Amino acid sequence: MLAANRTLRLAIYALLAAILYLPGLGRPALWEPDEGRYAEIAREMVISGDYVTPRDDFELYFEKPPLVYWAEAASIKIFGVNEFAVRLPAALFSIGQVVVTAALAEMMLGASAGLFAALALALSPLFFGFARFATLDPALAFFLTAALAAFYVAARNEPFSRPSARRWMLTSAAMLALGTLAKGPIALILGGAIALAWMASEGRLRQITQMPLVWCFIIYAAIVVPWFVLAEARNPGFMHFFIVHEHLERYVASSEHGWGPWFFIPIVIGGTWPWIFFVPLGWSAMRADNGLPESAPAPSRRAAARFLVIWFIVILVFFSIPRSKLGSYILPALPPLGIVAGYGLGRMPALGAASRRRLLAVVAIANLAIAAVIFVFSELVLAPINPELGVDGLLIGAVLAAGAIAMYWLGRASSRAAYAIGAIALAMLATMPLAARVREDASSISTYRNLARTVEPYLTGDCTLASYRHYVQSLPFYTRRRETRVEYWGELSEFSPPSQAKSPFLIASEARLRQVWSSGACMVLIANDRDRKALADSLKPAPAVIGCEGKKLALYNGALAPPPGAADCLKAGAKN
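The following refers to the structure shown.

1. Some remarks on the packing of helix α4 (residues 83-109) against helix α14 (residues 298-320)
Orientation of α4 relative to α14, taken along the N-to-C sense of each, is 145°, at an axis distance of 9 Å. Every residue of α14 that contacts α4 at Leu104, Met108 and Leu109 is listed here: Arg301, Ala304, Phe307, Leu308 and Trp311. Looking at the contact of α4 with α14, its residues break down into seven nonpolar, no polar and one charged.

2. Regarding a nonpolar patch on the surface
A surface patch of nonpolar side chains, about 490 Å² in accessible area, is lined by Leu8, Ile12, Leu15, Leu16 and Ile19. Secondary-structure assignment places Leu8 in helix α1 (residues 2-21).

3. Section: the state of the cysteines
In a disulfide, the sulfur atoms of two cysteines are covalently bonded to one another. According to the stated counting rule, one finds two disulfides in the structure shown. Linked covalently through their sulfurs, Cys463 and Cys522 form a disulfide whose S-S length is 1.9 Å. Here the S-S torsion is close to -60°, and the disulfide linking Cys463 with Cys522 is therefore left-handed. A residue pair is termed long-range when its members are at least 10 positions apart, and Cys463 in the loop between α20 (449-455) and β3 (464-468) and Cys522 in the loop between α22 (510-517) and β6 (523-528) qualify at 59 residues. With relative accessibility at 4%, the residue Cys463 sits in the buried group.

4. Quick word on the sheet that holds strand β5 (residues 506-507)
Strand order in the open sheet formed by six strands is β5-β4-β3-β6-β8-β7, and the pairing between neighbours is mixed. Each of the sheet's edge strands pairs with one partner strand only, and the pair in question is β5 and β7 (544-549). Bridge count between β6 and strand β8 (residues 552-556): five bridges; the pairing is antiparallel. Paired with Ala527 across the two strands is Leu553, which belongs to β8. Against the sheet, α22 contacts β3, β4 (483-486), β5, β6 and β8, and its axis sits at roughly 140° relative to β6.

5. Some words on the pairing of β6
Among the six residues that make up β6, six are buried, leaving the element largely enclosed by the rest of the structure. Going residue by residue along β6, you find Met523, Leu525 and Ala527 tucked away on one face and Val524, Ile526 and Asn528 tucked away on the opposite face as well. As judged from the four bridges shared by β3 and β6, these two strands associate in the parallel manner. The residue of β6 that forms the bridge with Ala466 is Leu525.

6. Overview of α4
The terminal C-alpha atoms of α4 lie 39 Å apart, and with 27 residues this matches the ideal 39 Å at 1.5 Å per residue to within 8%. At Pro89, α4 shows its strongest bend, of approximately 30°. Counting buried residues along α4, 24 of its 27 residues qualify, which places the element largely inside the surrounding structure. Its side-chain oxygen at 3.2 Å from the backbone nitrogen of Phe84, Asn82 defines the N-terminal cap of α4. Within two residues after α4, Gly110 carries a phi angle of roughly 110°, on the positive side.

7. What about empty space enclosed by the protein?
Applying the stated criterion across every chain, the model contains two cavities of 30 Å³ or more. Considered as a void within the structure, the largest cavity measures approximately 60 Å³ in volume. As for the largest cavity, its lining consists of Ala120, Leu121, Ser124, Thr272, Trp275, Ile276, Val279, Leu334, Leu337, Gly338 and Ala341. Those elements giving two or more residues to the lining of the largest cavity turn out to be α5 (111-122) and α15 (334-347). Ranked by the residues each element gives to the lining of the largest cavity, the list is headed by α15, at four residues. Here the lining of the largest cavity is built from residues that sort into eight nonpolar, three polar and no charged. For the second largest cavity, the calculated volume is near 30 Å³.

8. Considerations on the pattern of salt bridges
Any two side chains of opposite charge can pair, given that their charged atoms come close. For the coordinates displayed, the defined rule picks out 20 salt bridges. The closest approach of N and O atoms between Glu106 and Arg6, which form a salt bridge, is 3.2 Å. Within this pair, whereas Glu106 is found in helix α4, its partner Arg6 is found in helix α1, the two being separated by 100 residues in sequence. Under the relative-accessibility criterion, Glu106 is labelled buried at 7%. Residue Arg6 is classed as partly exposed on the basis of its relative accessible area of 30%. Its salt-bridge partner being Arg437, residue Asp392 comes within 2.5 Å of it at the nearest N-O pair. Separated by 45 residues along the polypeptide, Asp392 in helix α17 (residues 387-410) and Arg437 in helix α18 (residues 417-441) bring together distant segments of the chain. Each of Arg6, Arg9 and Glu106 takes part in a single network of salt bridges with overlapping partners.

9. Some points on the packing of aromatic side chains
Scanning all chains against the criterion turns up 29 aromatic pairs. Plain terms: the ring middles of Phe151 and Phe160 are 6.3 Å apart, the flat faces sit at 25° to each other, and that makes the pair stacked. We note that Phe151, like Phe160, is buried. Between Phe263 and Phe264 the ring centres are 5.0 Å apart and the planes differ by 75°, which places this aromatic pair in the edge-to-face class. Counting every residue linked through ring pairs, the aromatic cluster contains Phe151, Tyr152, Phe160, Trp198, Phe307 and Trp311. In this structure, Arg37 packs its charged tip against the face of Tyr38, placed 5.3 Å from the ring centre.

10. Let's talk about unusual backbone geometry
That bond from Glu32 to Pro33 is cis: its omega, -5°, falls within 30 degrees of zero. Inspection of the secondary structure assignment puts Pro33 in the loop between α1 and α2 (34-48). Cis rather than trans, the peptide bond between Lys540 and Pro541 has omega equal to 5°. In this fold, Pro541 is placed in the loop between α23 (532-538) and β7. Backbone geometry at Asp57 places phi at a positive 55°, although glycine is not the residue there. Turning to its location among the elements, Asp57 is positioned in the loop between β1 (55-56) and β2 (59-60). Here Glu487, not a glycine, exhibits a phi torsion of approximately 50°, which is positive. Position of Glu487 among the secondary structure elements: in the loop between β4 and β5. The exposure class assigned to Glu487 is partly exposed, which follows from its relative accessible area of 24%.

Thresholds applied
Residues numbered from 1 in each chain as written. Predicted model: local features only at pLDDT ≥ 70, side-chain atom pairs only at ≥ 80, totals over all residues. Heavy atoms only, no water. Axes fitted to C-alpha atoms, helices over the stretch in contact; angles between N-to-C directions. Helix = DSSP H or I, 4+ residues; strand = E, 2+ residues; numbered from the N terminus. Contact = heavy atoms within 4.5 Å. Nonpolar A, V, L, I, M, F, W, Y, C, P; charged D, E, K, R; others polar. Patch = residues over 30% accessible without salt bridge, like charges linked within 9 Å, V, L, I, M, F, W, Y side chains within 5 Å. Areas by Shrake-Rupley, 256 points an atom, 1.4 Å probe, with all protein chains shown as cover. Salt bridge = Lys/Arg side-chain N within 4 Å of Asp/Glu carboxyl O. Disulfide = S-S within 2.5 Å. Buried < 20%, exposed > 50% of the residue type's maximum accessible area, 1.4 Å probe, protein only. Pairing = 2+ DSSP bridges. Expected span 1.5 Å × (residues − 1). Bend = angle between axes of the 7 residues up to and from the residue. Polar contact = N/O pair within 3.5 Å; in protein donor to acceptor, adjacent residues only side chain to side chain. 1 Å grid on protein atoms, 1.4 Å probe; cavity = no way out; pocket = protein on both sides within 12 Å on 5 of 7 lines; lining within 4 Å. Points joined across faces, edges and corners; volume = space filled by probe spheres on them. Phe/Tyr/Trp six-rings, centres within 6.5 Å; stacked < 30°, edge-to-face > 60°. Lys NZ or Arg CZ within 6 Å of the ring centre and 35° of its normal.

Next comes the structure, spelled out in structure tokens:
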């Protein structure tokens, strides 16, 4: 009966997460550069039928392994070439991570901890944002979470030689293998380091000999090796590039997305707001002698606490060492925070009145302070840029302020602690569609769907689509055209540097651009607004502006007349 109830609970969590993440998934345009890049790689897999060699703008692209591309390609085959299709895998991986996190929390600490862990993770701003963003990190986070959960289930009751423990270890190996195919050997490194560090903390290193390591290796290799062998066979030099350049050199020496070691601290605090405030309570409660009635005994809870803190610290420290950092890298570290915060939320009714009011006062004051900052920022910064963004910010601030006040007022009595949690959860739930609206209203910052739609009627016959000194990742996806790059090499040239002699889709000099532009062959050239005057002076015939979006303009050398709104682009450029 208990198992059936758990299955039903987890199914409900999955359904609620789907309701949270899936509506409006395809509305926003693809964000540059990541969403455009991964969407186009998947599209090119579908049209080429080559699922071994990833290509971006039909150039070899080996920075990441292919599992997420495969998932997006499968989604494109089912739903068509659109934003919903390429974002669906990230949403599904995130839904899966909520469910696995809830299941692990239940197993460690009881059903209520599972409920609150699912709540805290699903309604964390960072997690919500990337659940609706076409990138690779939600897949890595899901598979690493599943691998660590399976390992913990195998390890919680000695010995590892038990048949059930062996099955869970093999499951963990399979999840690490899929994580490797999602983002590389980082899955194996992190999963192995966390498991080994926890075994050492428990004084159980000698039990490693009981693990079915040979079979784990066989399972891992059977899943991972075939693609790597095929990719190397078809593209000699791939393994060296992938392992040495993309992993070792980037970790040790890369300054791309360069930030200091402190970078993830505000990301974690803001990304798990407001649930981060309940982590200290959950941590102390997990280590206390007495727990919730449904909780495991104190020794088991303390072992679980050590596992979760090692999980979080290993990932935080690992990604804090290199200078190259992105906020999404920390996603695999959110489940342990969600579980600990969830246990803290479950302990709220048992807190003494003074302690509960003090905690809720801290959360309420912090939310009111954040709301005030958002109000000021919206009025002074966002509204002058885009009035709609200003309104979005004011609404988010108002919701956070209302949630904080309601939470504190409801939580004064222990009998209403659940209502207080519900109030702040509803406030966070209300901010999610507002945050999605912010993304849509900010689309002009880094999306080019409208620009692609504007230039599409001009790309007839053999007309060339080109980008000047940059590469707009999403344009090939939207226009179904290969993009010629003008004086731009970038990441597409890292594996196999092209030359103009080898590729007609690379214009390597200004002189060559002038030659092609004046040859009579049709060209649509995407350029930054700051380059418009220089290009107007150097290109003959004089470029016609046919469209714009954000800081980019579309220049045209053909006979078709510009659309009616094209003149507004020049006015907007003059203002900037």
